[in-house]
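Chains, contacts and geometry: an overview
One letter stands for each residue in the lines below.
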Amino acid sequence: MTASPNPISTDGLRKRAWRGVLPLLVLWLGALPLSRAAEVADAQAEFLSGNYATAIKLAQAGVAATPANEDWQVLLGQALLTVGRTPDADAAVTLGLSRVPVSLRLRWLSREIALTDGRPEQAAKLVESIRQLYAERSSAYRNAADLVVFGRVALLLGADPKDVLDRVFSVAQKAAPKLRDVYLARGELALEKHDFALAAAAFGEGLKQLPDDPDLNSGLARAHNEGDRKVVMASLEAALKRNPHHVPTLLQFAEHRIDEESYPEAAKLLDSVVDVNPVQPDAWALRAVLAHLRNDSAGEHAARTAALRDSPLNPRVDSLIGQKLSAKYRFAEGAAHQRLALGFDPDYLPAKAQLASDLLRLGEEAEGWQLAQTVHAKDGYDVEAFNLATLHDTMAKYRTLTNDDFVLRMTEHEAAVYGPQVLELLARAKKQLTEKYGAELARPTYVEIFADPKDFAVRTFGLPDIPGFLGVCFGRVVTANSPASTAAHATNWQSVLWHEFCHVVTLQLTANKMPRWLSEGISVYEERQANPSWGQHMTPTYREMILKDGKGGLTPVGSMSAAFLAPPTPEHLQFAYYQASLVVEYLVARHGAEKLRAVLRDLRGGDDINRALAQQIAPLPVIEKEFTAYAREQAENLAPGLDWAKPKLELFQPGSEAELVEWDGKNADNYGSLLRQARRLTEAKKWEEAKVPLQRLLSFYPEQRGGDSALRLLAQIHRELDEPAAERRTLERFASLDAEAPDANLRLMDLAATAKDWPAVERNARRFLQVNPLVAPPWRYLAEASAELGDTATAITANRTLLRFDPANPAEVHFQLAQLLHRGGDAEARRQVLLALEDAPRHRAALNLLREIAAPPVAAPAPVPVKSTP
């Protein structure tokens, strides 16, 4: 459990009471296992397998036969509550308590029933009664099951969570390693605190003891919900294999279907839940979410009313509705539901935490940060709250740049280096995209750029270890990783911000009512429209995926959002972005940009995507057919003269090298063969011979980008052969195609500077700066080229920026800056030349410049009066 530096404070008397009891637990437990009759175990097995009617009958018979048997009483109450027979459960447990009045487990179950049917005051009284019983008769509660109840109550009354884990639940687990309750208690506590690693460990340990337990498998899925999707699905499937009617698992599956926009499937799953428990509040809350998403306000109201039927002040209902709406980027609606939840229970921390997150994503920062701090102060063990509180302190040191349209936050260093360029890019994006889509934006747009990827992840997701995202847009708020965190994998930050700002436009235009695939598709499409070297393009891998039949190829347009949620590989995720952009390209190319804008307007009006497409363009089946043909056409048009066949996999096995060479020789115009031949020859340093397959490949495929481009290999060969002119031509072709090639840009700057081709130096310096403005070389070249081209303002900016990187020759940079300032008559020139002389006192040119600056201006000679003659 990750703790904050200041553990949560609690009521003094209660805390002291628990402190007095905790040290005795190990002595009390001894070796007393929980004893259960074989008949109870059989009935419990029926319950865990989802045979609830059978379990209820067996439990009723067991209670009748042995009225004082606590296990039968608990099982009967649990089974009745699970199927929604809350009054019957209450009656059964009340009767049970009359027979076993000192039962902690029955009192805890009675508390759960009281909360379910809207009696929070009674639930609080039951908690207090458990505390009193334990304090008065602690020696009577030595079994592990009672100890778990004791730990749960201690947590409610303010005991330190770490103490309860270490000194209560841990002790109970050692005493009864097969007691499922202890693993559930540990895991649920960790989930409540957003400590997903600890939750996964708890549920995982339980599954080692009880391998097919549906509750433990369901808990493990929740623990991995923000991480490993494969573990999530495997755990949920394992839970349903044991219990096809397991309500928590069916609810989780429904939430996943909502996330991937498979709404009919989600509705069927919720029907299955209601078949088990007609009054299950989470199921009705999720039905309200589905109604909201289909713009059915009457259905939404009815479902929410049903969710609150038995417990009208249950804050979880609105909190869950709001949480799912926020997950669909409906942050304003989500926040409204969190406020409703807090109206029912002002101390309900999950609603406060979610509201804080919603407000921060809506740009309502003052209230959002205050709420985050409140949650952290109330619960010092909540990992997300602790992370946000820490991030707030970090961001307090950020620098803020503003204009009428944007509030930009960056670290002090990065703001000084390229902050103005960010604002310039955003202004350009705003002008082009708002005019193109006819959007009126709320002002300002908030853009936050994080040098530390963990800070980006906390600001964006609440957790520090969510990799794989360059930027995220919430509507008015954009968060992005800075070039400092993406330097290992060249990423064009300008392209990223253009992409994210396009989301600002389309999300606001549709009031956040658009499917993910369309939102991402438009953004990637607009990257390519803004700069042909930006965004994703057809590649050999994408060609193969599009032309492939069956699984792993094109995703149907109607279910494309799911492709973003659970891709089998990172490459499939990238392909989802590309395919989405290709759908948009098809819609614009075949039906026109105005039709696309009309679809967006219909989405804002509340239509779902299929209805909007049918109204403005064509029914979905027609679009599916037309798009598949369009995509295949684009794939087949990629280097159509090349042979794209692949050799058998056996030829890539060790020992088959000769056979692969032979295959390549027989397939002369094959894409893979030409690349392999070129690589073999370059590895053998047969530079001239290696040109032949590369030039042949380029004759078919001149526009290839990325690391496999023949242009890259050919440029390397020209360099090895000392052919600078040819190397420059080749690299220029490549750099014009690929906006994420800083190594090529740097080499081009070197070559162009040698040739004194200053426009080429400037062009490639600017290309490099789009990828990484946080290193010195491109600024040095930009300063030199701008000075040579007479662009004094840019040269001054570049030299000032260069000084921030502690250059090896600061005296020379100060001197160049002094010269530029002096030419413009700027008095700062004197300071800069003095700084140059401070580093290099014998710098002759600087001394001469100082004399020139210090010399008084020479006055023009007075005119000689001319006498006029009469």
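What you are looking at is a predicted structure, and each value in this text was computed from that prediction instead of being measured.

So, on to the overall build of the chain. Each helix and strand in the chain was counted, giving 46 helices and five strands. With respect to the three principal axes, the spread of C-alpha positions in the chain is 135 × 80 × 60 Å. Each of the 870 residues in the chain was classed as buried or not, and the buried ones make up 52%. Residue pairs at least 24 apart in sequence account for 61% of intrachain contacts in the chain once pairs closer than 6 positions are excluded.

This part takes up the packing of helix 5 (residues 70-82) against helix 6 (residues 86-99). In the contact formed by helix 5 and helix 6, the axes pass within 8 Å of each other and the chain directions differ by 165 degrees. Here helix 5 is positioned roughly antiparallel relative to helix 6, judged by the angle of their axes. Judged by the twist between their axes, the crossing of helix 5 over helix 6 is left-handed. Here Q73, L76, G77, L80 and L81 of helix 5 come into contact with helix 6, specifically with T86, D88, A89, A92, V93, G96 and R99. Here the contact of helix 5 with helix 6 is composed, by residue class, of six nonpolar, four polar and two charged.

What follows deals with the pattern of salt bridges. Evaluation of the coordinates by the stated rule reveals 54 salt bridges. Residue K431 is joined to E435 by a salt bridge in which the shortest nitrogen-to-oxygen separation is 3.4 Å. Of this pair, K431 and E435 both sit in helix 24 (residues 412-437), four residues apart, roughly one helical turn. For K691, the salt bridge goes to E688, with nearest N and O atoms at 3.5 Å. Here K691 pairs with E688, and both are found in helix 37 (residues 687-700), just three residues apart, close to one helical turn. Under the relative-accessibility criterion, K691 is labelled buried at 10%.

The next thing to look at is helix 41 (residues 758-771). Relative to the 20 Å expected for 14 residues at 1.5 Å per residue, helix 41 spans 20 Å between its end C-alpha atoms, a close match to the ideal helical length. In terms of burial, helix 41 is a largely internal element, eleven of the 14 residues being buried. Where helix 41 is concerned, the buried positions are W758, A760, V761, E762, N764, A765, R767, F768, L769, Q770 and V771. Buried residues in helix 41 make contact with helix 26 (483-486), helix 27 (493-509), helix 39 (724-737), helix 40 (742-754) and helix 42 (776-788).

Turning next to the pairing of strand 1 (residues 399-402). In this structure, strand 1 lies alongside strand 2 (residues 406-410), joined through four bridges in antiparallel fashion. The partner of T400 across the bridge, within strand 2, is R409.

What follows covers the environment of L675. Secondary-structure assignment places L675 in helix 36 (residues 671-683). Judged by its relative accessible area of 4%, L675 is buried. Distance in space between the C-alpha atoms of L675 and D708 is 8.3 Å, their sequence separation being 33 residues. Contacts of L675, omitting those with residues within four sequence positions, involve L697, D708 and L713.

Between its first and last C-alpha atoms helix 31 (residues 570-591) spans 32 Å; for 22 residues at 1.5 Å apiece the expected length is 32 Å, and the two agree. Two residues or fewer after helix 31 comes G592, characterised by a positive phi angle close to 95 degrees.

Per-residue pLDDT for the chain has a mean of 91; in total, 93% of the residues score no lower than 70. For the chain, the element scoring lowest by mean pLDDT is helix 2 (residues 25-29), at 40; helix 41 scores highest, at 98. Within the model, pLDDT remains below 50 along residues 1-37, and this stretch shows 68 contacts once partners closer than five positions in the same chain are excluded.

With that out of the way, let us pick up the environment of A254. Checked against the element boundaries, A254 lands in helix 15 (residues 247-259). Owing to a relative accessible area of 0%, A254 belongs among the buried residues under this scheme. Sequence separation between A254 and A283 is 29 residues; the distance between their C-alpha atoms is 8.9 Å. Excluding residues that lie within four positions of it along the chain, A254 makes contacts with A266, L269 and L270.

We now examine the packing of aromatic side chains. Summed over the entire model, instances satisfying the criterion amount to 20 aromatic pairs. Taking 6.0 Å as the distance between ring centres and 40 degrees as the angle between the ring planes, the aromatic pair formed by Y329 and F474 counts as tilted. With Y329 in the loop between helix 19 (315-327) and helix 20 (331-344) and F474 in the loop between strand 4 (471-473) and strand 5 (477-481), the pair connects residues that are 145 residues apart, well separated along the chain. Relative accessible area serves as the criterion here: at 4%, F474 is assigned to the buried category. Chaining the aromatic ring pairs together yields one cluster made of Y134, Y141 and F150.

Analysis parameters
Residues numbered from 1 in each chain as written. Predicted model: local features only at pLDDT ≥ 70, side-chain atom pairs only at ≥ 80, totals over all residues. Heavy atoms only, no water. Helix = DSSP H or I, 4+ residues; strand = E, 2+ residues; numbered from the N terminus. Buried < 20%, exposed > 50% of the residue type's maximum accessible area, 1.4 Å probe, protein only. Contact = heavy atoms within 4.5 Å. Axes fitted to C-alpha atoms, helices over the stretch in contact; angles between N-to-C directions. Parallel < 35°, antiparallel > 145°, perpendicular 65-115°, else oblique. Left-handed = near helix turned anticlockwise from the far one by under 90°. Nonpolar A, V, L, I, M, F, W, Y, C, P; charged D, E, K, R; others polar. Salt bridge = Lys/Arg side-chain N within 4 Å of Asp/Glu carboxyl O. Expected span 1.5 Å × (residues − 1). Pairing = 2+ DSSP bridges. pLDDT = per-residue confidence, 0-100. Phe/Tyr/Trp six-rings, centres within 6.5 Å; stacked < 30°, edge-to-face > 60°.

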